[in-house]
Amino acid sequence: MDRIQVNLDEKQVAQLKTAAQRASKTVSAIIREAIDEKLARVEKPDDFELALTAAAGIWAGRHDVESAQTAMRRLRRDRRGSAPR
């Protein structure tokens with residue numbers, strides 16, 4: 001087992017000591033358990049990530065809309081053609 005040093009504020013230390021005392025464990029054991037729980041927990045995607053995933057590909061298969069590549073070429077051609085010389 002490796003040893004590391006972590007800086008905690010007074011409130012965190014007090015809460016750890018109380019939790020350790022209640023569980024009849026050492027503060028180190030409480031910290032290790034908390035780290036294991038945090039690392040094992042699968043992070044839930046936030047609302048933005050869920051919306052982004054749901055929106056992916058919504059334009060796929062649309063034939064009434066030009067491709068992004070075609071649209072960019074048209075816009076570049078229009079802009080270059082109207083530039084003052």
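### A word on a positive patch on the surface
Alright, step 1. On the surface, Arg 73, Arg 76, Arg 77, Arg 79 and Arg 80 cluster together into a patch of positive charge.
Alright, step 2. Note on placement: Arg 79 falls in helix α4 (residues 68-82).

### What about the environment of Asp 64?
Alright, step 1. Within the fold, Asp 64 resides in the loop between α3 (47-55) and α4.
Alright, step 2. We classify Asp 64 as exposed; its relative accessible area is 59%.
Alright, step 3. Separated by 31 residues in the primary sequence, Asp 64 and Glu 33 have C-alpha atoms spaced 56 Å apart.
Alright, step 4. A distance of 2.6 Å separates the side chain of Asp 64 from the side chain of Arg 62, its partner in a polar contact.

### Quick notes on helix α1 (residues 10-23)
Alright, step 1. Counted at 1.5 Å a residue, the expected span for α1 with its 14 residues is 20 Å, and the 20 Å between its end C-alpha atoms agrees.
Alright, step 2. With a side-chain oxygen lying 3.1 Å from the backbone nitrogen of Lys 11, the N-terminal cap of α1 falls on Asp 9.

### Some details on the pattern of salt bridges
Alright, step 1. Scanning the model with the defined rule gives three salt bridges in all.
Alright, step 2. A salt bridge links Lys 25 to Glu 33; its shortest N-O distance comes to 2.5 Å.
Alright, step 3. Among the residues examined, Lys 25 registers a relative accessible area of 38% and is labelled partly exposed.
Alright, step 4. The salt bridge involving Arg 74 is made with Glu 66; its shortest N-O contact spans 2.6 Å.
Alright, step 5. Using a relative accessible area of 34% as the deciding quantity, one classes Arg 74 as partly exposed.

### Things to note about the packing of α1 against helix α2 (residues 27-40)
Alright, step 1. The interhelical angle for the contact between α1 and α2, taken along N-to-C directions, is 100°, at an axis separation of 8 Å. Relative to α2, the element α1 lies roughly perpendicular. Counted together, Leu 16, Lys 17, Ala 19, Ala 20 and Ala 23 of α1 and Val 27, Ile 30 and Ile 31 of α2 form the full contact between these two elements.
Alright, step 2. For the contact of α1 with α2, the class distribution of residues is seven nonpolar, no polar and one charged.

Definitions and limits used
- Residues numbered from 1 in each chain as written.
- Predicted model: local features only at pLDDT ≥ 70, side-chain atom pairs only at ≥ 80, totals over all residues.
- Heavy atoms only, no water.
- Patch = residues over 30% accessible without salt bridge, like charges linked within 9 Å, V, L, I, M, F, W, Y side chains within 5 Å.
- Areas by Shrake-Rupley, 256 points an atom, 1.4 Å probe, with all protein chains shown as cover.
- Salt bridge = Lys/Arg side-chain N within 4 Å of Asp/Glu carboxyl O.
- Lys, Arg positive; Asp, Glu negative; His and termini not counted.
- Charge placed at Lys NZ, Arg CZ, Asp CG, Glu CD.
- Helix = DSSP H or I, 4+ residues; strand = E, 2+ residues; numbered from the N terminus.
- Buried < 20%, exposed > 50% of the residue type's maximum accessible area, 1.4 Å probe, protein only.
- Polar contact = N/O pair within 3.5 Å; in protein donor to acceptor, adjacent residues only side chain to side chain.
- Expected span 1.5 Å × (residues − 1).
- Axes fitted to C-alpha atoms, helices over the stretch in contact; angles between N-to-C directions.
- Parallel < 35°, antiparallel > 145°, perpendicular 65-115°, else oblique.
- Contact = heavy atoms within 4.5 Å.
- Nonpolar A, V, L, I, M, F, W, Y, C, P; charged D, E, K, R; others polar.

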